[in-house]
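Residue-level structural notes
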Amino acid sequence: MGYRVAVAGATGAVGREMLNILAERNFPADEVVPLASERSAGSTVEFAGKKLTVKDLAKFDFKGIDIGLFSPGAKVSAVHAPRAAAAGAVVVDNTSQFRYDPEIPLVVPEVNPHAIAGYTKRNIIANPNCSTMQMVVALKPLHDMAKIKRIVVATYQSTGGAGQAGMEELESQTHALFHGSSVAPKKFQKQIAFNVIPHIDVFMPDGSTKEEWKMVQETKKILDPAIDVIATCVRVPVFVGHSEAVVIECEKPIAVEAARAALEKAPGVKVVDERKDGGYITPLECAGTDPVYVSRIRADATVKHGLAFWCVSDNLRKGAALNAVQIAEELARGYLRKAKAA
């Protein structure tokens, strides 16, 4: 009993990764339809060793589609995700368009899979921001153990988080600088090559950036609305892989060894914490892999019941495409199968 799956934004970095992961994980699909803008319609993308012709999202009739995996940009999702949902498809949207709507579940399967059941209100499920996603996967077992009160996080986010254009800007600026010239920034606010930029998305009235605001709001929606969160989000000259330095304050004592043991058992987490030269994970090593890696686990003696750690994940995989496919798998196992059987 296979499903018909449409992938909107199929020619983008996340859309291509969605296609790859659907094939890698043998998702039970009888048909996969790649969708993109009119400009890309007629081109081809690869899926499971085959070339599929891309169709025009704006003209596509979603009748008969079971699941729509969307990553075409928020403005495009705003138009076409509700259209797909109205036609009967369950949309898993990777953009920021629906994350803060109280009627739409915001889901990370390792953290709050029960929230998927709320999709019936609008036939849409939202994927969180990539930086939030990896953090809450690491925080879930710690929150279950000692109830987190406060989170202080600094992110080191790759250019891949800004899409293909972000990675290309890093590459072109680096190449130009090595050859004695320069390339003016277009995608980023300042030169990204050999630099770090403490500015992702637009500024908010309180001085935070929208990316920082997203981490606050999404952590509360996914994990616990009572948690206080302060984030500083920074773009770094890395192609793929977001890193985060996370400090938490808990309501109960949290011993380092107990925290490590809980993280080692947690779904989606891999602990690499050897306390020696190279005994931790960096973005370069996480690229192309699925886990959220946790390293540098240690006590924070400056607060009562404090813990600090470093976490790294491939933002294009777990931070976007893999999470969407995992949600689709949960739908297929526990929701759509029952509907089809009925």
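Residues numbered from 1 in each chain as written. Predicted model: local features only at pLDDT ≥ 70, side-chain atom pairs only at ≥ 80, totals over all residues. Heavy atoms only, no water.

1. A few points about the nonpolar core
Formally: As used here, the term nonpolar core means buried Ala, Val, Leu, Ile, Met, Phe, Trp, Tyr and Cys residues forming a set that is joined through side-chain atoms within 4.5 Å. Buried, partly exposed and exposed residues are distinguished by accessible area as a fraction of the type maximum, computed with a 1.4 Å probe on protein chains only: under 20%, between the cut-offs, and over 50%, respectively. Numbering of helices and strands runs from the N terminus; a helix is a DSSP stretch of H or I covering at least four residues, while a strand is a stretch of E covering at least two. Contacts: residue pairs with any heavy atoms within 4.5 Å of one another.
If you look at the biggest cluster of nonpolar residues, it comprises 57 residues, and the most contacted ones within it are Phe-62, Leu-139, Leu-142, Ile-151, Ile-248 and Phe-309. Counting residues per element, this core draws most heavily on helix α3 (residues 130-146), which supplies 8 residues. When sequence neighbours within four positions are dropped, the list of residues in contact with Phe-62 reads Ala-6, Leu-35, Leu-57, Phe-70, His-80, Arg-83, Ala-84 and Ala-87. Of all hydrophobic cores here, the second largest spans 37 residues; its members include Ala-10, Leu-69, Val-240 and Leu-331.

2. Describing the sheet that holds strand β1 (residues 3-8)
Note the following rule: One bridge is not enough; two strands pair if DSSP finds at least two bridges between them.
Taken in spatial order, the 6 strands line up as β5-β2-β1-β6-β7-β8 in an open sheet, and their pairing is parallel. Lying at the two open borders of the sheet, with one neighbouring strand each, are β5 (55-56) and β8 (124-126). Of the pairings in the sheet, the one linking strand β7 (residues 90-93) to β8 comprises 3 bridges and is parallel in character. Bridge pairing links Val-91 to Ile-124 in β8.

3. Here we look at unusual backbone geometry
Its identity is not glycine, yet Asn-123 carries a phi of approximately 65°, on the positive side. Mapped onto the fold, Asn-123 is located in the loop between β7 and β8. On the accessibility criterion, Asn-123 (17% relative accessible area) is buried. A positive phi angle, close to 60°, is found at Phe-194, a residue other than glycine.

4. Focus: a nonpolar patch on the surface
Just so we agree on the cut-off: Only residues above 30% relative accessible area that lack a salt bridge enter a patch, with like-charged residues linked at up to 9 Å and the nonpolar side chains Val, Leu, Ile, Met, Phe, Trp and Tyr linked at up to 5 Å. Per-residue and other accessible areas follow the Shrake-Rupley method at a 1.4 Å probe size, with only the shown protein chains counted as cover for residues. For salt bridges, the criterion is a side-chain nitrogen of Lys or Arg within 4 Å of an Asp or Glu carboxyl oxygen.
Taken together, the side chains of Leu-177, Phe-178 and Phe-194 make up a nonpolar region of the molecular surface, amounting to roughly 350 Å² of accessible area. Mapped onto the fold, Phe-178 is located in helix α4 (residues 164-178). Accessibility expressed as a relative area gives 63% for Phe-178, which makes it exposed.

5. Quick look at the pairing of β1
Basically, it comes down to this: A right-handed crossover is one whose linking path, passing over the helix from the first strand to the second, runs clockwise when the strands point away from the viewer.
When you tally the buried positions in β1, you get 5 out of 6 residues, the bulk of the element. Two elements, β1 and strand β2 (residues 29-36), share 6 bridges in a ladder whose sense is parallel. Bridge pairing in β2 places Val-7 opposite Pro-34. Since β1 and β2 lie parallel, the crossover through helix α1 (residues 13-24) that links them has a hand, and here it is right-handed. The sheet contact formed by β1 and strand β6 (residues 67-70) spans 4 bridges and is parallel.

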